[in-house]
Amino acid sequence: QVQLVESGGGLVQAGGSLRLSCAASGSTFVANNMGWYRQAPGKQRELVATVSSSGVTNYAGSVKGRFTISRDSGKNTVYLQMSSLNSEDTAVYYCRYFEYSNGRMYWGQGTQVTVSS
């Protein structure tokens, strides 16, 4: 089992910044992919950004240039630095952990990000 603990959500004004963190613990594998997804009210969960254990990143088009994902592999922690936030970024943000070797996938409990205009 892998446990994911998220932190850093909250309320921010439009144009502001927030940093999310997600720490994975338990039976983690070296080769994995960690990232962030989000779900706004009435919408499906969507990809925000992911980063592999080798450092390859992937971003949704809507956040490119505004969000930066990074990871500390030694701590099995992934970060999402969000800047120039707008109301469309308001959502519950979920951390996801995926293992390439066996396809195991885990989700965090979610953290609310609210951008006020």
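Each remark here, short or long, concerns the structure printed above.
Here goes a summary of the coordinates provided. (Residues numbered from 1 in each chain as written. Predicted model: local features only at pLDDT ≥ 70, side-chain atom pairs only at ≥ 80, totals over all residues. Heavy atoms only, no water.)

### What to know about the overall build of the protein
If you tally the helices and strands in the protein, you get 0 helices and 11 strands. Along the chain direction, N to C, the helices and strands of the protein fall in the order β-β-β-β-β-β-β-β-β-β-β. Against the compact-globule benchmark of 13 Å for 117 residues, the protein has a radius of gyration of 14 Å, which places it among compact chains. Looking at the protein residue by residue over its 117 residues, the buried ones come to 44%. A fraction of 55% describes how many contacts in the protein between residues 6 or more apart in sequence connect residues 24 or more apart. Only carbon and sulfur atoms are counted for the fraction: they give 49% of the accessible area of the protein, which is about 5900 Å². (Helix = DSSP H or I, 4+ residues; strand = E, 2+ residues; numbered from the N terminus. Rg over C-alpha atoms; globule rule 2.2 N^0.38 Å. Buried < 20%, exposed > 50% of the residue type's maximum accessible area, 1.4 Å probe, protein only. Contact = heavy atoms within 4.5 Å. Areas by Shrake-Rupley, 256 points an atom, 1.4 Å probe, with all protein chains shown as cover.)

### Structural notes on the pairing of strand E4 (residues 32-39)
Counting buried positions over the 8 residues of E4 gives 7, a clear majority of the element. Strand direction decides the pairing type here: E4 and strand E9 (residues 91-99), joined by 8 bridges, are antiparallel. When the bridges of E9 are listed, Trp36 appears paired with Cys95. With 6 bridges joining them, E4 and strand E5 (residues 46-52) adopt antiparallel strand pairing. Each bridged residue has a counterpart across the sheet, and for Asn33 the counterpart in E5 is Ser52. Linking two consecutive strands that pair antiparallel, namely E4 and E5, is a turn of 6 residues; a positive phi of about 75 degrees is found at Gly42 within it. (Pairing = 2+ DSSP bridges.)

### Describing unusual backbone geometry
Peptide bonds are mostly trans, and most non-glycine residues show a negative phi. Of note in the backbone geometry, Asn76 takes a positive phi value of approximately 50 degrees without being a glycine. Within the secondary structure, Asn76 is located in the loop between strand E7 (67-72) and strand E8 (77-82). Classification of Asn76 by relative accessible area gives buried; the value is 15%.

### Remarks on the nonpolar core
Judged by nonpolar contacts, the single largest core of 29 residues is most densely connected at Leu4, Trp36, Leu80, Met82 and Tyr93. At the level of elements, strand E1 (2-7), strand E3 (18-26), E4, E5, E7, E8, E9 and strand E11 (111-116) are the ones that each hand at least two residues to this core. Every residue in contact with Leu4, bar those within four places of it in the chain, is listed here: Cys22, Ala23, Ala24, Met34, Cys95, Arg96, Tyr97, Tyr106, Trp107, Gly108 and Gln109. (Core = buried A, V, L, I, M, F, W, Y, C linked by side-chain atoms within 4.5 Å.)

### A word on the side chain of Glu6
Within the element layout of this structure, Glu6 appears in strand E1. Of the buried charged residues, Glu6 lacks a salt bridge, with Arg45 as the closest side chain of opposite charge at 7.9 Å. A distance of 3.4 Å separates a polar atom in the side chain of Glu6 from the backbone nitrogen of Gln109. Engagement of the side chain of Glu6 in a polar contact is seen with the backbone nitrogen of Gly110, the distance being 2.5 Å. When sequence neighbours within four positions are dropped, the list of residues in contact with Glu6 reads Ser21, Cys22, Trp36, Tyr93, Tyr94, Cys95, Gly108, Gln109, Gly110 and Thr111. (Lys, Arg positive; Asp, Glu negative; His and termini not counted. Salt bridge = Lys/Arg side-chain N within 4 Å of Asp/Glu carboxyl O. Polar contact = N/O pair within 3.5 Å; in protein donor to acceptor, adjacent residues only side chain to side chain.)

### Let's talk about the sheet that holds E3
Spatial ordering of the open sheet is given by E1-E3-E8-E7, a layout of 4 strands whose pairing is antiparallel. The open sheet has two edge strands, E1 and E7, and neither has a second partner. Each strand axis lies, on average, 15 degrees off the axis of its neighbour in the sheet, ignoring direction. As defined by bridge partners, E7 adjoins E8 across 6 bridges and the pair is classed as antiparallel. The residue bridging Phe67 from the neighbouring strand is Met82, located in E8. (Axes fitted to C-alpha atoms, helices over the stretch in contact; angles between N-to-C directions.)

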